[in-house]
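Chain by chain, the residues:
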Amino acid sequence: MLASGSRGNCALVASATTRILVDAGISCREIFKRLKSLAEDPHAISAILITHEHSDHVSGLATLAKKLRIPIFMTGATHQAWSRAMRDENGERPQLEKLERFESGHSFQVGDIAVKPFTIPHDAADPVGFTFRAEGIKVGIATDLGYLPASVCDHLRGCDVLVMESNHDVEMLRGGPYPWSVKQRVMSRVGHLSNQSLADFFANGYDNSAAFVVLAHLSELNNHPEIARREAEKALGLRGSLFRNRVLLAAQTEALAPIRL
Ligand SMILES: [Zn+2]
Ligand SMILES: [Zn+2]
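Residues numbered from 1 in each chain as written. Chains lettered and ligands numbered in written order. Predicted model: local features only at pLDDT ≥ 70, side-chain atom pairs only at ≥ 80, totals over all residues. Heavy atoms only, no water.

1. Observations concerning the overall build of the protein chain
Point 1. Counting secondary structure elements, the protein chain contains 9 helices and 12 strands.
Point 2. The C-alpha radius of gyration of the protein chain comes to 17 Å, within 12% of the 18 Å expected for a compact globule of 261 residues.
Point 3. Each of the 261 residues in the protein chain was classed as buried or not, and the buried ones make up 53%.
Point 4. In the protein chain, of all internal contacts separated by at least 6 residues, the share reaching a separation of at least 24 is 65%. (Helix = DSSP H or I, 4+ residues; strand = E, 2+ residues; numbered from the N terminus. Rg over C-alpha atoms; globule rule 2.2 N^0.38 Å. Buried < 20%, exposed > 50% of the residue type's maximum accessible area, 1.4 Å probe, protein only. Contact = heavy atoms within 4.5 Å.)

In structure tokens form, the structure reads like this:
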């Protein structure tokens, strides 16, 4: 997890031979810096996958794509929304040298990693989460979603690493500084997942498969890492599964130490 939160998201998923960047929501410079801090060579990345067009997921994309000249995977609708938002003063849309369109629900391969994109409920053009499979390991990423529909829970079965949104504490959001319209948006069915909704999933819908659970996309104003951790660990502990699911917290300002399986 190179960065996670409303000021930018970026993650690296790698097998022995293939490296995939998921989202590019911090600057290209910062992505390079954080990769180097993990002894990762930016030029060894095979592809960039985009979950949705919100700026905290794409702000570094145009520059990064130009520098690395590798395939950029996104859905057609996400690409349209992104390029519309990126038009310059003459109305010119940015060009991606190697655009690869995928469809939600349809698997594709990047090197030896099998990628499955799935639809998530969020207020973007065509937002997706992903699962990745390689070398007998499955990784799931689901952030930026207002709630957890059964379809999403199904996709997340059998994950060895699970990256889940734990965006806000409901009480902190209610009493916090956001204007009411923004609070409503965050709390809506197409907004962001609360600590409490995630805990409900851990206590009821989750199959207990992961060795590592990463809490991601935490709000800096309406959450606190220790509150998010406490809620998640309490819910996992209820099922006696805390010894199996190590809870880690992805941060906004620095990369998380790599999870190796
Ligand atoms: Zn979003
Ligand atoms: Zn986001």
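2. Some thoughts on the sheet that holds strand E5 (residues 99–101)
Point 1. The strand order across the open sheet built from 5 strands is E1-E2-E3-E4-E5, with neighbouring strands paired in mixed fashion. Each end of this open sheet is capped by a strand with a single partner; those strands are strand E1 (11–14) and E5. Between one strand axis and the next, the sheet turns by 25° as a mean value, whatever way the strands run.
Point 2. As defined by bridge partners, E1 adjoins strand E2 (residues 19–22) across 4 bridges and the pair is classed as antiparallel. Pairing of Leu 12 across the sheet is with Leu 21, part of E2.
Point 3. Here helix H3 (residues 61–68) sits on the sheet and contacts E2, strand E3 (47–49) and strand E4 (72–74); the angle it forms with E4, its principal contact strand, is near 140°. (Pairing = 2+ DSSP bridges. Axes fitted to C-alpha atoms, helices over the stretch in contact; angles between N-to-C directions.)

3. Details of the coordination of the zinc ion (ligand 2)
Point 1. Each protein donor to the zinc ion (ligand 2) is listed here as Asp 56 (OD), His 57 (NE2), Asp 144 (OD) and His 217 (NE2); together their distances run 2.1 to 2.2 Å.
Point 2. Coordination at the zinc ion (ligand 2) is irregular, judged from the 4 donor atoms that bind it and the angles of 93 to 162° they form at the metal.
Point 3. On the primary sequence, the residues serving as donors to the zinc ion (ligand 2) are separated as D-H-x86-D-x72-H.
Point 4. In this structure, the zinc ion (ligand 2) is positioned 3.5 Å from the zinc ion (ligand 1), and both are ligated by Asp 144. In this pair, Asp 56 is assigned in helix H2 (residues 55–58) and His 217 in the loop between strand E11 (212–216) and helix H9 (225–238), connecting sequence segments 161 residues apart.
Point 5. Using a relative accessible area of 11% as the deciding quantity, one classes Asp 56 as buried. (Donors = N, O, S within 2.8 Å, 3.2 Å for Na, K, Ca; no water. Tetrahedral: all angles 85-135°; square planar, octahedral: opposite > 155°, others 65-115°.)

4. Section: the coordination of the zinc ion (ligand 1)
Point 1. Coordination of the zinc ion (ligand 1) by the protein comes from His 52 (NE2), His 54 (ND1), His 122 (NE2) and Asp 144 (OD), over a distance range of 2.2 to 2.6 Å.
Point 2. Geometry at the zinc ion (ligand 1) is irregular, judged from its 4 donor atoms and the angles of 90 to 172° they form at the metal.
Point 3. Spacing between the donor residues of the zinc ion (ligand 1) along their common chain follows H-x1-H-x67-H-x21-D.

5. Some words on the side chain of Thr 75
Point 1. Summarising the element assignment, Thr 75 is placed in the loop between E4 and helix H4 (76–85).
Point 2. Excluding residues within four positions of it along the chain, Thr 75 makes contact with Phe 102, Ser 104, Asp 126 and Val 128.

6. Description of the pairing of strand E8 (residues 128–134)
Point 1. Among the 7 residues in E8, 6 count as buried, and that is most of the element.
Point 2. Direction of pairing for strand E7 (residues 113–119) relative to E8: antiparallel, over a ladder of 6 bridges. Across the sheet, residue Pro 117 finds its bridge partner in E8, namely Phe 130.
Point 3. For E8 and strand E9 (residues 137–142), the ladder comprises 5 bridges, and the chain directions are antiparallel. Pairing of Thr 131 across the sheet is with Gly 140, part of E9.

7. Things to note about the sheet that holds E8
Backbone-to-backbone hydrogen bonds pair the strands of a sheet. The strands run either parallel or antiparallel.
Point 1. Taken together, the 7 strands give an open sheet; going across it, the order is E6-E7-E8-E9-E10-E11-E12, and neighbouring strands pair in mixed fashion. Each having just a single partner strand, strand E6 (108–110) and strand E12 (246–249) make up the two edges of the open sheet. Ignoring strand direction, the axes of neighbouring strands in this sheet form an average angle of 20°.
Point 2. As paired elements, E6 and E7 share 3 bridges and run antiparallel to each other. The residue of E7 that forms the bridge with Phe 108 is Val 115.
Point 3. Together, strand E10 (161–165) and E11 form the strand contacts of helix H8 (residues 195–205), whose direction differs from that of E10 by roughly 145°.
Point 4. H9 rests against E11 and E12 of the sheet, and its axis sits at about 160° to E12.

These results come straight from atomic positions and should not be treated as a statement about function.
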